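Spelled out from the first residue to the last, the chains are:
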Amino acid sequence: MGHILDCIFPDIYIQSVYELPLETLKQKGIRGLIFDIDNTIAPYDVPEPDKTLIQWFEMLKQQGFRICILSNNRKKRVKKFNEKLKVLAIHRAGKPSIRKLRKAISMMKLTELETAMIGDQVFTDMWCGHTAGLYCIMTAPICNRDQFVTKIKRGLERQVMKLYFKKQENRQ
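Residues numbered from 1 in each chain as written. Predicted model: local features only at pLDDT ≥ 70, side-chain atom pairs only at ≥ 80, totals over all residues. Heavy atoms only, no water.

## Let's talk about the sheet that holds strand β1 (residues 12-14)
Piece 1. Ordered by their spatial adjacency, six strands build an open sheet running β1-β6-β5-β2-β3-β4, and the pairing between neighbours is parallel. Here the strands that pair on one side only, and so sit at the sheet edges, are β1 and β4 (88-90). This sheet shows a mean twist of 20 degrees between the axes of neighbouring strands, independent of strand direction.
Piece 2. As judged from the four bridges shared by strand β5 (residues 115-119) and strand β6 (residues 135-139), these two strands associate in the parallel manner. Note that in β6 the partner of glycine 119 across the bridge is methionine 138.
Piece 3. The sheet contacts of helix α2 (residues 51-62) involve β2 (32-35) and β3 (66-70), and relative to β3 the element is tilted by about 135 degrees.
Piece 4. Most of the contacts of helix α5 (residues 122-131) go to β6, to which it runs at about 165 degrees, and overall it touches β5 and β6. (Pairing = 2+ DSSP bridges. Helix = DSSP H or I, 4+ residues; strand = E, 2+ residues; numbered from the N terminus. Axes fitted to C-alpha atoms, helices over the stretch in contact; angles between N-to-C directions. Contact = heavy atoms within 4.5 Å.)

Quick look at the structure:
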């Protein structure tokens with residue numbers, strides 16, 4: 001395993017989902033993308049995806065990617081947000097539990113090795129993805145507005161990411 005934090009470190013870190021290395025993912029055999037919603041593809045208090053995100057998801061689908069959104073949020077939030085995206089969606093995911101993540105992989109008719117997890121939090125998205133054996137991509141949070149419970153975790157998360165970036169530096 002190497003480092004105790006490897007289970008929560010991302011495999012790669014990007015500033016935004018629009019920087020997803022699509023060719024690299026295809027070369028790795030990844031055909032399924034599981035996205036967190038809140039602060040990964042939209043601020044937690046924005047009810048619908050913007051035009052840019054809708055077009056981005058369309059392009060991903062055209063490139064052959066299967067997509068699922070996996071959110072710890074309520075059904076109403078996830079359903080409303082997904083109306084225009086029209087992808088597979090799972091609410092109340094209970095991340096970092098992997099039960100609903102496994103359901104998402106199964107719904108996409110893929111395996112763990114063919115699926116990537118994309119999210120903005122180490123203690124839910126990265127931990128969940130790694131526990132299930134997925135390739136994990138972390139994004140910078142879209143905005144600094146967070147639900148209270150997430151705000152509490154952000155301080156510790158910053159410390160974890162400092163270690164992650166230091167480890168990346170040492171590899172070069």
